[in-house]
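# Coordinate analysis (summary)
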Amino acid sequence: MKSMKRRTFIKNAALGSVISAFATKTQAKMSTPREAEGPFYPITPQKELDADLTRMVGKSGVAKGEIIDVLGQVLDQDLNPIEDVTIDLWQANSFGKYHHPHDTSEAPVDENFQAWAIIQSGVQGRFKFTTVIPGAYPLNSAQQRTPHIHFKIGKHGYVPLLTQMYFPDNPLNKKDGMFKRKSADEQAMMTAKRSANSNQYQYDIIMEKL
Ligand SMILES: [Fe+2]
């Protein structure tokens, strides 16, 4: 009887690991959900578009706010890495102000914040950039946008992807209309994961083949 129980336990444990592997794979196979471009895609030419948004060439200061690294990997729906993907990203500064002439909010401009970067995925589809956590900003008198980073992602042979990355455990996520209308699985894919005891966030992007 004892050995029967043990065999059943082993069988169930093995089944459990198969199910969890399948669940992970199934979730990963969904491509990164799309989101609106929003009104503030940069239109002012900018010489510097490198992966460190916290410093500007010719300026000695550092962007205000909590400095973070975002690391990720671009993958296809079979989880193969995709190299040489163009990752165009833009965001509000830590006060919630975009570097854009149509952003008329009274939040302060941060002259040391780069606000916009265009980077490529490299070996194994990996990418990394350094930035600050964007501030929330008012959408209208009743609603705020929760902190997010906008992405335009492109590679020949793949469906172009416009999306927004969110931050985990931000209480404003629950009140954000754009975030709330996504399913739980979609929200999970659009939300970066914070590495324990560090300022690093992991954000993987899954692209769909044309
Ligand atoms: Fe935005």
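Just so it is clear, the model here is predicted, and its values are computed rather than measured.

## Quick word on the overall build of the protein chain
- Per the secondary structure count, the protein chain includes three helices and eleven strands.
- Sorting the 210 residues of the protein chain into buried and exposed places 41% on the buried side.
- Long-range pairs, those at least 24 residues apart, make up 74% of the contacts in the protein chain with a sequence separation of at least 6.

## Observations concerning the coordination of the iron ion
- All of the protein donors around the iron ion are Y98 (OH), Y137 (OH), H148 (NE2) and H150 (NE2); their distances to the metal are 2.0 to 2.2 Å.
- What the four donor atoms of the iron ion show is an angle range of 91 to 159 degrees at the metal, which sorts the shape as irregular.
- Of note, the iron ion draws all its donor residues from one chain, in the sequence arrangement Y-x38-Y-x10-H-x1-H. Across this residue pair, the class does not change: H148 and H150 are buried.

## Examining the confidence of the model for the protein chain
- Of all residues in the protein chain, 87% have pLDDT values of 70 or greater, and the mean over the chain is 90.
- Scored below 50 in pLDDT, residues 13-23 shows zero contacts in the model against residues more than four places distant or in partner chains.

## A look at the sheet that holds strand 3 (residues 116-120)
- Strand order in the open sheet formed by four strands is 3-2-7-8, and the pairing between neighbours is antiparallel. Both edges of this open sheet fall to strand 3 and strand 8 (161-166), since each of them pairs with a single strand only. This sheet shows a mean twist of 25 degrees between the axes of neighbouring strands, independent of strand direction.
- The pairing of strand 2 (residues 86-90) with strand 3 spans five bridges and is antiparallel. Looking at strand 3, one finds that L89 is bridged to A117.

## With respect to the pairing of strand 8
- Most of strand 8 is tucked away: five of the six residues are buried.
- Alignment of strand 7 (residues 148-154) against strand 8, held across six bridges, turns out to be antiparallel. By the bridge assignment for strand 8, I149 is matched with M165.
- In this antiparallel pair of consecutive strands, strand 7 and strand 8, the connection spans six residues, and G157 shows a positive phi of 95 degrees.

## Details of the nonpolar core
- Counting residues in hydrophobic clusters, the biggest one holds 29 residues, and the most contacted among them are I87, L89, F129 and F151.
- Mapped onto this core, the elements with two or more residues apiece are strand 1 (67-76), strand 2, strand 3, strand 4 (126-132), strand 7, strand 8 and strand 11 (205-207).
- Discounting chain neighbours no more than four positions away, the residues touching L89 are L53, A115, W116, A117, I119, F129, I149, H150 and F151.
- Counting seven residues, the second largest nonpolar core, distinct from the first, contains Y41, W90, A92 and W116.

## Re the environment of K193
- Within the element layout of this structure, K193 appears in strand 9 (residues 193-194).
- On the basis of relative accessibility, which here comes to 56%, the residue K193 falls in the exposed class.
- When the C-alpha positions of K193 and Y203 are compared, they lie 6.6 Å apart, and in sequence the two are ten residues distant.
- Apart from residues no more than four positions distant in its own chain, K193 is found in contact with A188, Q200, Y201 and Q202.

## Some words on the environment of G96
- Relative to the assigned elements, G96 resides in the loop between strand 2 and strand 3.
- It is 3.9 Å that separates the C-alpha atoms of G96 and G135, two residues lying 39 residues apart in sequence.
- Ignoring sequence-local partners within four residues, the contact set of G96 consists of D103, A107, G135, A136 and Y137.

What counts, and where the lines are drawn
- Along each chain, the written sequence defines residue order, and numbers are assigned to residues from 1.
- Reporting of local features is limited, given that this is a predicted model, to residues whose pLDDT is at least 70; pairs of side-chain atoms are given and counted only at 80 or more, and all residues count toward the totals for whole chains, interfaces and linings.
- Side-chain numbers here rest on the full set of heavy atoms in the structure, without hydrogens or water.
- Starting at the N terminus, helices and strands are each numbered in turn, a helix being any DSSP run of H or I of at least four residues and a strand any DSSP run of E of at least two.
- Only protein chains enter the area calculation, which uses a 1.4 Å probe; residues under 20% of their type maximum are buried, those over 50% are exposed, and those in between are partly exposed.
- Whether two residues are in contact is decided by their heavy atoms: any pair within 4.5 Å suffices.
- Note: metal donors comprise N, O and S atoms at 2.8 Å or less from the metal (3.2 Å for Na, K and Ca); water molecules are not included, so apparent gaps in a site are possible.
- Just to be clear on the cut-offs, tetrahedral is four donors with all angles between 85 and 135 degrees, square planar is four donors and octahedral six with opposite donors over 155 degrees apart and all others between 65 and 115, and anything else goes down as irregular.
- The predictor reports its confidence for every residue as pLDDT, a score running from 0 up to 100.
- Two strands qualify as a pair provided that DSSP identifies no fewer than 2 bridges between them.
- Only the stretch in contact is used when a helix axis is fitted, and all axes are lines through C-alpha atoms; the angle between N-to-C directions ranges over 0 to 180 degrees.
- Among buried residues, the Ala, Val, Leu, Ile, Met, Phe, Trp, Tyr and Cys ones that are joined through side-chain atoms within 4.5 Å form a nonpolar core.

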